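# Descriptive structure summary
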Amino acid sequence: MADRERIAGAARAIREHTRPGKDRGARIVITGKGGVGKTTITALLAHLYAQKGYTTLAVDEDPQMNLPYAAGIPREESDRIVPLSKNFDYVEEKTGARPGAGWGMMLRLNPDVADVVERFGAKGPGGVNVLVMGTIEQAAGGCLCPENTLLEAVIHYVSLRKNEVILMDTPAGVEHFGRTIAKGFDQALLVTDPTFNAVQVARHAAELAKGLGIRTIWLVINRVRSENDIAKVQELMGDSMALFSGQFVLPWDESLIACEPDVRPLLDGPSPFMERLRDLQVRLENAHNDIR
Ligand SMILES: Nc1ncnc2c1ncn2[C@@H]1O[C@H](COP(=O)(O)OP(=O)(O)O)[C@@H](O)[C@H]1O
Ligand SMILES: [Mg+2]
């Protein structure tokens, strides 16, 4: 059977065997153009949440799969992670189930984060767990339906407790930011830098996020070197600024490049960048508590 059919079958099986999780924890999606800082920000936020005692699941939807490295999982271990899109082979092999059917059984009714991490994820340093989606096969017309549906099923049907958070790093651009992925996410971070193209992507993604019913949408202006950079983004954004619940400015910081891909050294030292990022984490946490 073709991979795509098997993936679609797995997603169906999860939906048939489970009910949508109770939405008490936070689901946050991070998106924007390539190179604007999505992965860096996702990994840092995951660590900040984990430091506050949250059970944290960082999900890598980007086929480049660099979130595990950013979160600080050692290289050899990161390379051994079996992506979700390949896991169905493993599941079927172990359960001998007909294609797709094994997934519901594997996840039990109302799977929780620990369940998902145990079966499909990797435990990283600092209590940050990582789930990797893997290579996505793009069908004609840009539809990533089976893969997106599978990821959506796993994320949406996980029951999230009050002290649990899912942070999802997405591939560059907006074409992956479809209904299935946005489903169940309550906050979106639209990351941009002060360039025309990045702002266009963030603007388009913000409109989509709004249309998809994501309640709280934040603008994150990263790699900022001057007040002019902020003014430029706001001007390019124009009326679309109204889509955002608020904006965050993250300054340009050479030390990010010095330590990349692993973001953990940044957590130790105080820096203007980290100060702003900690503010951002607190705002996300408060926004979630307010709407719950
Ligand atoms: N504020 C910043 N100052 C300096 N470099 C940054 C900043 N934010 C991100 N970077 C660097 O930019 C590069 C791209 O960041 P990354 O998080 O991989 O972007 P994306 O995931 O959006 O493609 C990385 O090398 C990262 O260290
Ligand atoms: Mg990235």
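The structure under discussion appears in the preceding block.
Summarised in this report is the structure supplied together with it. (Residues numbered from 1 in each chain as written. Chains lettered and ligands numbered in written order. Predicted model: local features only at pLDDT ≥ 70, side-chain atom pairs only at ≥ 80, totals over all residues. Heavy atoms only, no water.)

### Observations regarding the packing of helix 10 (residues 196-211) against helix 11 (residues 227-237)
Interaxial distance between helix 10 and helix 11 falls to 10 Å at its minimum, and their mutual angle equals 50°. By the angle between their axes, helix 10 is oblique relative to helix 11. For the pair helix 10 and helix 11, the sense of crossing is right-handed. Residues F196, V199, A202 and R203 of helix 10 form the contact with helix 11, whose participating residues are V233, L236 and M237. Classifying every residue of the contact of helix 10 with helix 11 gives 6 nonpolar, no polar and 1 charged. (Axes fitted to C-alpha atoms, helices over the stretch in contact; angles between N-to-C directions. Helix = DSSP H or I, 4+ residues; strand = E, 2+ residues; numbered from the N terminus. Parallel < 35°, antiparallel > 145°, perpendicular 65-115°, else oblique. Left-handed = near helix turned anticlockwise from the far one by under 90°. Contact = heavy atoms within 4.5 Å. Nonpolar A, V, L, I, M, F, W, Y, C, P; charged D, E, K, R; others polar.)

### Digging into unusual backbone geometry
Geometrically, the link from E260 to P261 is a cis peptide bond, its omega value of 10° lying close to zero. Summarising the element assignment, P261 is placed in the loop between helix 12 (254-259) and helix 13 (264-268). Even without being glycine, M65 reaches a positive phi, approximately 50°. The residue M65 is located in the loop between strand 2 (55-60) and helix 3 (67-71) in this model. We note that R223 has phi near 60°; this positive angle belongs to a residue other than glycine.

### Thoughts on the pairing of strand 7 (residues 216-224)
Side-chain positions along a regular strand alternate between the two faces of the sheet. Within strand 7, 8 of the 9 residues are buried, leaving the element largely enclosed by the surrounding structure. Sheet topology note: the strand 6 (residues 187-192)/strand 7 ladder contains 6 bridges and is parallel. Within strand 7, the residue paired with T192 across the bridge is I221. Assessed by its sense of winding, the connection that carries the chain from strand 6 through helix 10 to strand 7 is right-handed. Sheet topology places strand 7 next to strand 8 (residues 246-251); 5 bridges connect them, and they run parallel. By the bridge assignment for strand 8, L219 is matched with Q247. (Buried < 20%, exposed > 50% of the residue type's maximum accessible area, 1.4 Å probe, protein only. Pairing = 2+ DSSP bridges. Right-handed = clockwise from strand over helix to strand, strands pointing away.)

### Examining the site of ligand 1
Lining the immediate surroundings of ligand 1 are 17 residues, of which G35, T39, T40, R223 and D253 lie closest. Interatomic distance of 2.8 Å between a backbone N/O atom of K38 and an oxygen atom of ligand 1. One of the side-chain nitrogen or oxygen atoms of N222 is found 2.8 Å away from a nitrogen atom of ligand 1. Counting residues per element, the ones that place at least two in the shell around ligand 1 are helix 2 (38-51), strand 7 and helix 12. With 3 residues, helix 2 is the largest single contributor of residues to the shell around ligand 1. Counted by class, the shell around ligand 1 contains 6 nonpolar, 6 polar and 5 charged residues. (Near = heavy atom within 4 Å. Polar contact = N/O pair within 3.5 Å; in protein donor to acceptor, adjacent residues only side chain to side chain.)

Interpretation note: all reported values are geometric properties and have no functional meaning in isolation.
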